[in-house]
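# Tertiary structure, described
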Amino acid sequence: MAFLFNKFQEAVKVLAKSPTFARNPRQLQFEADVNRLFLYTSYNRLGGDVDEEDADEIIDMASKASVDDQQKQVQENIHSQIKSFSTFMDEILLPDTAKGSDALESSPPAPRPSGLSFAVGGKAPNSKVPQLDRPAVPETRPLKDVELSLQLKDAIGYTLDVKPSQIPHKDAGQGLFLNGEADVGSVVAFYPGVIYSPAYYQYIPGYPRVDSQNPYLITRYDGTVINAQPWGSGGETREVWDGLGVPNTMPDNHVIGKGSDRVWTMLSRPLKGTQVGNGGDVLERRNPLAFAHFANHPAKDTVPNVMVCPYDLPLTEREVRPYIPNVSFGNTEEVSMRRFGSFWFKSWSLKTNTSNFPVLKTIVLVATRALCNEELFLNYRLSNSKRRPAWYTPVDEEEDRRRWS
């Protein structure tokens, strides 16, 4: 098995230099990342039955398949893992009488006019939702988050812990640790929080300097921003969560400036007065894997062991939905934005979702090698056009340059 994985690692290095990739630096880096994810997640999906012939076939496909085809396969590979994870979570949390039956309604607290509405200097349009519009919450077993975490580890072989980082820097703060063992290509963490399309950047708390006081922002290649600050360390129950407000306590982490990917500036402000939010979704706040925002950038001479993977959850997958720790801010299909260089412009001809069903644009972390009881490190790829924090040492300066070109 180790021999076959070494073949995949060598393929990653070779294919990243392939002349078939785009010449635009940013697009080249995007395609190289897709290629790596294709290899890692396909290798994982083969499981323990992988042989050299299978490995060679996947490497050959990676060198010939289009980027679009590879993206689709990555989505299928990730979705397969997440469906399996959701099944295990259901088995742990749902009473036998609740499985396959209608949800039992609970009495969630009334929505508070706070959080994002105050952060942007006024009331967010249509942010108050009548109590009757809030979805029903199914009955679950009253497990504490620690109990749920241990039972998940028994089921899939690993879980996550947040504790002091092993990075030898005074600003290292808390780190994210894998407790157990995970194979290469495994989904090991979800990046939780509120999802903003470019059309809703103005509603990110602190706009326009959104990352000056918030180290828990991350950006996808398509411009989607996820703010994990409202999620904090999760919760103790399954509940209707709308992403409003910021938790009273957050584990101490890096000084301000940790934000994984910087948010691009916008030349024009998006439309005001559009509908914001849908009153929240029923989410499992005890999710043991919803801690990707605590993964640190590696110290000097340390190699990252996880990488970012965009994952688009089809909202038709209702059984999976409670375990995806994200909510969308606004209707991302109402307004599209076109990116030119480092700026965003309004666009009325583009659609953010070309599929026939709505998706939730999220991020997961994927293992880039076999992991065993260790701290998780993610390459932040901070822009080299800005002054970077003292604790940041580039993993690959060229990748940083391409990512933000």
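The structure reproduced in this document is the subject of the present report. Numbers given to residues run from 1 along each chain, matching the order in which its sequence is written. Given that this is a predicted model, residues contribute local features only at a pLDDT of at least 70 and side-chain atom pairs are listed and counted only at 80 or more, while totals for whole chains, interfaces and linings are drawn from all residues. Think of the side-chain values as coming from all heavy atoms in the structure, minus any hydrogens and water.

What follows covers the overall build of the chain. A run of H or I in DSSP becomes a helix once it reaches four residues, and a run of E becomes a strand once it reaches two; helices and strands are each numbered from the N terminus. Scanning the chain for helices and strands turns up 7 helices and 14 strands. When the 405 residues of the chain are sorted by exposure, 52% land in the buried category. Residue contacts are counted whenever heavy atoms from the two residues lie within 4.5 Å of one another. The long-range fraction of contacts in the chain, counting pairs at least 24 apart against all pairs at least 6 apart in sequence, stands at 80%. The protein chains shown are the only cover counted for residues, whose accessible areas, like all others here, come from Shrake-Rupley with a 1.4 Å probe. Carbon together with sulfur atoms contributes 51% to the accessible area of the chain, which is approximately 18900 Å² in total. Exposure is judged per residue with a 1.4 Å probe applied to protein chains only, and the accessible area is read against the type maximum: over 50% gives exposed, under 20% gives buried, and values in between give partly exposed.

Another aspect to go through is the nonpolar core. If you look at the biggest cluster of nonpolar residues, it comprises 60 residues, and the most contacted ones within it are I78, V188 and V364. Of the residues forming this core, the biggest block, 7 residues, is contributed by helix α4 (residues 67-93). Put simply, buried Ala, Val, Leu, Ile, Met, Phe, Trp, Tyr and Cys residues joined by side-chain atoms within 4.5 Å make one nonpolar core. Y201, Y203, L217 and W241 belong to the second largest nonpolar core, which has 16 residues in total.

Glancing now at the pattern of salt bridges. Definition used for salt bridges: Asp or Glu carboxyl oxygen within 4 Å of a side-chain nitrogen of Lys or Arg. The final tally for this structure, using the stated rule, is 17 salt bridges. A salt bridge links R220 to D312, with the nearest nitrogen and oxygen atoms 2.9 Å apart. With R220 in the loop between β5 (217-219) and β6 (225-227) and D312 in strand β9 (residues 306-314), this residue pair connects regions lying 92 residues apart in the sequence. Residue classification places R220 among the buried residues on the basis of a relative accessible area of 5%. Since its relative accessible area comes to 26%, D312 is described here as partly exposed. Taken together, the shared-partner salt bridges in this structure form one network comprising R220, D222, D312 and K361.

Quick look at the packing of helix α2 (residues 25-46) against α4 now. Fitting a line to C-alpha atoms yields each axis, with helices limited to the stretch in contact; the angle taken between N-to-C directions then spans 0 to 180 degrees. Two elements in contact, α2 and α4, have axes separated by 9 Å at closest approach and are oriented at 40°. Here α2 lies oblique to α4, going by the angle between them. Between α2 and α4 lies a crossing whose hand is left-handed. The residues of α4 that touch α2, namely those facing F30, E31, V34, N35, L37, F38, T41, S42, N44 and R45, are V67, Q70, Q71, Q73, V74, E76, N77, I78, S80 and Q81. In terms of residue class, the contact of α2 with α4 is made up of 7 nonpolar, 10 polar and 3 charged. Comment on the angle field: the value is read as roughly parallel under 35 degrees, roughly antiparallel over 145, roughly perpendicular from 65 to 115, and oblique elsewhere. For any helix crossing, the convention is left-handed if the near helix is rotated counterclockwise from the far helix by under a right angle, and right-handed if that rotation is clockwise. We call Asp, Glu, Lys and Arg charged. Ala, Val, Leu, Ile, Met, Phe, Trp, Tyr, Cys and Pro are nonpolar, and the rest, Gly among them, are polar.

Taking 1.5 Å of rise per residue, the 13 residues of helix α3 (residues 52-64) would be expected to cover 18 Å, and the 19 Å separating its terminal C-alpha atoms lies within 8% of that figure. Within α3, burial applies to A55, I58, I59 and A62. The buried side chains of α3 occupy one side of the element, clustering within an arc of 100° when seen end-on. Within α3, the exposed residues directed more than 90 degrees away from the buried face are E53 and K64. Working rule for helices: expected span equals 1.5 Å times residues minus one. Note: the arc covers the axis-to-C-beta directions of the helix.

With respect to the secondary-structure elements, M89 resides in helix α4. Judged by relative accessible area, which is 0%, M89 ranks as buried. For the pair M89 and L148, spaced 59 residues apart in the sequence, the C-alpha separation amounts to 8.6 Å. Apart from residues lying up to four places away in sequence, M89 is in contact with L94, L148, L152, E284, N287, P288 and Y323.

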